[in-house]
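# A closer look at the structure
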Amino acid sequence: MDEYYQAVRALPTWLAEPLLHIPPTLAARIHELRLRTGCGVVLTLAGRQCTAETLPDCPAALRGLRLTALQMEEIFHTLCGGSVHTHQAELARGFLTAPGGCRVGVAGRFTERDGQLILQQITSLNFRIARVVSAVLPEKLRQLLQGHFVGMLVVGEPDSGKTTLLRQIVFALEQLHCAAAVVDERGELFPAGHMLRPAAVDVLAGVPKATAVQMALRTLGPQVIVLDELGSLEETQALEQGFFGGVDFVASVHAAGAEDAFRRPQVQYLQQHGMLRVLVLLRGRNTPGQIQEVRVVEP
């Protein structure tokens, strides 16, 4: 069964039921559901947003549907499992993680209270379908993973398969009997209970990346640290502590290509400190998980 059908079951029944009646050939191409107050359901296929009613075989219950503020609140609370409080740390960073590892981007009115952002009113949700996609690692990349590669960045635009490729790299490290620690802040790489969760890998989930990197270095003795979406200089500086201790890292960054990646402050920091040795460039959102080039960067 396609992951789309499993994902939409996390929504309220009145919305899940018609979404479950979308034909399998179409469901397999959907990678986002965009829900906004006052609008109909919008589905993203290969980077293109389409309203549900314009798609072939659109269920009747979706035609003319315009989501009200109360319906949006119900959807939001359902995705939170009825407990918004338990997702407060995630929501302060603009997302929540639904069952099965699907990330839901959250927009609306926020306010600051005691130094923390609190969501006051929900206006839109971007529900991303988490899929297991097979990614084949080229021989050059496999050989690099067997040695001391220092720092490796997986570079790609949104929906190009960065998480998919990181997952395959983790399994490759496991097969090489390498002590790997995975920093999975949002529970997207290896969701709890996921059947593909690696057995011989340490996973730190639900912890901010910079803190998790320090925890792994202090207590887990990894040879390699793997983390999704290197986002801040604080996270980059945490990796630097491992660099001085001989610990390699693999991380992903949002960028359309190498030139765009090198414009990002955290990538510049890595390069300036001799921590970046390998770039893995992905083809793009139309071919998720497929590698365009494995490039060795001179220190």
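This brings us to the pattern of salt bridges. Where charged atoms of side chains with opposite charge meet at close range, the side chains can pair. Applying the stated rule across the entire model yields eight salt bridges. Here Arg-34 makes a salt bridge to Glu-32, at a shortest N to O gap of 3.3 Å. Since its relative accessible area comes to 6%, Glu-32 is described here as buried. Through salt bridges with shared partners, a single ionic network connects Arg-93, Glu-185, Lys-209 and Glu-235.

Once that is clear, we can look at the sheet that holds strand β9 (residues 202-205). An order of β9-β8-β10-β11-β7-β12-β13 is seen for the seven strands of this open sheet, with the pairing classed as mixed. The two strands at the open ends of the sheet, each matched to only one other strand, are β9 and β13 (291-296). Along the sheet, successive strands turn relative to each other by an average axial angle of 15 degrees, direction set aside. With five bridges connecting them, strand β12 (residues 278-282) and β13 associate as antiparallel partners. Bridging from a neighbouring strand, Val-278 pairs with Val-296 of β13.

Look at helix α9 (residues 233-244) against helix α11 (residues 265-272): their axes get within 9 Å of each other, and the N-to-C directions meet at 25 degrees. Taken together, α9 and α11 sit at an angle that is classed as roughly parallel. Crossing of α9 against α11: the hand is right-handed. Note on element contacts: α11 touches α9 through Pro-265, Gln-266, Tyr-269 and Leu-270, opposite Leu-233, Thr-236, Gln-237 and Glu-240. Its residues assigned to classes, the contact of α9 with α11 comprises four nonpolar, three polar and one charged.

Time to look at the environment of His-87. Mapped onto the secondary structure, His-87 falls in the loop between α4 (69-79) and α5 (88-91). His-87 has contacts with Leu-79, Cys-80, Leu-96 and Thr-97, leaving out every residue within four places of it along the chain.

Enumeration over the complete set of coordinates arrives at zero disulfides. The thiol of Cys-50 is not disulfide-bonded; the next cysteine sulfur, from Cys-58, is found 11 Å away. Using a relative accessible area of 8% as the deciding quantity, one classes Cys-50 as buried. Take Cys-102: it sits in no disulfide, and the sulfur closest to it among the cysteines is that of Cys-80, at 14 Å. Taking relative accessible area as the criterion, Cys-102 reaches 2% and is therefore assigned buried.

What counts, and at which threshold
- Residues numbered from 1 in each chain as written.
- Predicted model: local features only at pLDDT ≥ 70, side-chain atom pairs only at ≥ 80, totals over all residues.
- Heavy atoms only, no water.
- Salt bridge = Lys/Arg side-chain N within 4 Å of Asp/Glu carboxyl O.
- Buried < 20%, exposed > 50% of the residue type's maximum accessible area, 1.4 Å probe, protein only.
- Pairing = 2+ DSSP bridges.
- Helix = DSSP H or I, 4+ residues; strand = E, 2+ residues; numbered from the N terminus.
- Axes fitted to C-alpha atoms, helices over the stretch in contact; angles between N-to-C directions.
- Parallel < 35°, antiparallel > 145°, perpendicular 65-115°, else oblique.
- Left-handed = near helix turned anticlockwise from the far one by under 90°.
- Contact = heavy atoms within 4.5 Å.
- Nonpolar A, V, L, I, M, F, W, Y, C, P; charged D, E, K, R; others polar.
- Disulfide = S-S within 2.5 Å.

Geometric descriptors of this kind do not, in isolation, establish any biological role.
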